[in-house]
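Residues per chain, in single letters:
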Amino acid sequence: MKDLKITLLLYRSSASGIATYTVEVAKALSSKIKEVHLCSLGIETYVARELEDRGINILEIREAVSSTIYNTEILGGPFFHYMLLSERVHRVLHQIGILKDADILHYTLTPLALACKGCVVNAWVPLPITEEPRKNWLSFRFPLNILANFAALQYHHLNSLAYRGASKIIAPTRWIYTRLAKKYGKITYIPPPIEIVTNIPSREKDLPTILFVARDLELPRKNVNNLLKSTRILANKGLKFRVLLIGSYSTKFHETVSILSKKTGIEIELVRYIPRWKVHKYYANSDIFVLPSFYEELGYIVLEAMAHGLPLIVSDIPTFRDFVHNGVNGFLVDPFDSEILASKLELLITDNRLRKRMTQKSIEIAKTNFSPQIIADMLVRSYEEIING
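Residues numbered from 1 in each chain as written. Predicted model: local features only at pLDDT ≥ 70, side-chain atom pairs only at ≥ 80, totals over all residues. Heavy atoms only, no water.

(A) Local environment of the environment of I33. Checked against the element boundaries, I33 lands in strand β2 (residues 33–40). Placed 147 residues apart in sequence, I33 and L180 show a C-alpha to C-alpha distance of 29 Å. Setting aside residues up to four positions removed in sequence, I33 forms contacts with M1, K2, L4, I6, V380 and Y383. (Helix = DSSP H or I, 4+ residues; strand = E, 2+ residues; numbered from the N terminus. Contact = heavy atoms within 4.5 Å.)

Next up, the structure:
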């Protein structure tokens, strides 16, 4: 165990993907570092309990920061909000002695690092731009979403300011690293960690289950409609399978899915949004994972599905290219083309041997590239480079 004191900033449940990343990094570091502290602006009891069981110290600072600051995001947008919030968090950390005691401050929620100099920050790309302009989901798919464009630009500027004051920038994907490496020489690529599931079920079923998970099933960028279109295409071919959709949804969406299920004869089950740890049993009972998103900053849910040994069919977007080796542990597909998604689903639905092979490859890739032990070693080396100058 390294005799270091690392403080991670910060767990905030509303930043769902980054919150998941922060928790997984804390868990990975706890096996290598003597003292790991996690600052939080409101952490769920079950998450805190799991982390504390691993010896991680939770520093809940929400009350000290003051709830009145949370209203500034509504009034002035993320830029004004995080300018105030970062200053307030920095002041609280000084008051409780964290700034003095910690060997490294690692800001996973990057805009909070605005008031800190010489810390470690994560690099994120909030502007959902891929290499092909037509696949820019904000400008092409949702041209009227002006507020989303404006907010994304503010986050982009906030992150850029945080990068300038950092000692080290951690890029969790190769795409982010490539985009920022020329501008920031202090950046390094360290993949996100994920714990590998050891008791993978055999999944010997005549009726394969397709799993789709999102916090909000109707969030446009998650693109669940593409899966529903593919379901209709496959049903028209006479294929038999189940679809399981997990996430929050409206009455109207429920009605739409019910009509599709009746017309096609395909069982489509809806499960309202549940915490991460409760999703695990659904991974075990599923055979194929699908996420045809237009854009993901990280997409941790795909990593989790991989760690459970599921074959993956996901969008051919930069983030997912780190996780899915096309034709090896799954398929990368055009998120705009339901016919292509249907064709890849058909391959996996009808070929149990292919599913088994991709299951094994998913586990191998997760162990080789995203093992918590490997990622923790990479992070510790980066921390020590800063400490040793």
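Read on, since the account is not over.
(B) Up close: helix α10 (residues 251–264). The end-to-end C-alpha distance of α10 is 20 Å, a good match for the 20 Å that 14 residues give at a rise of 1.5 Å each. Burial in α10 covers these residues: F253, V257, L260, S261 and T264. All buried residues of α10 lie within an arc of 100° about the axis, which places them on one face of the element. In α10, the exposed positions that point more than 90 degrees away from the buried face belong to T251, K252, K262 and K263. Where α10 is buried, its residues contact α9 (224–236), β9 (242–248) and β10 (267–271). (Expected span 1.5 Å × (residues − 1). Buried < 20%, exposed > 50% of the residue type's maximum accessible area, 1.4 Å probe, protein only. Arc of directions from axis to C-beta.)

(C) Representation of the sheet that holds strand β12 (residues 312–315). Strands sit in the order β10-β9-β8-β11-β12-β13 across an open sheet of six strands; the sheet is parallel. Both edges of this open sheet fall to β10 and β13 (330–333), since each of them pairs with a single strand only. Pairs of neighbouring strands in the sheet enclose a mean axial angle of 20°, with direction left out of account. Pairing of strand β8 (residues 209–216) with strand β11 (residues 288–291) involves two bridges; the strand directions are parallel. Paired with I210 across the bridge in β11 is I288. Of the strands in this sheet, β8, β11 and β12 touch helix α12 (residues 300–307), which is tilted by about 170° from β11. (Pairing = 2+ DSSP bridges. Axes fitted to C-alpha atoms, helices over the stretch in contact; angles between N-to-C directions.)

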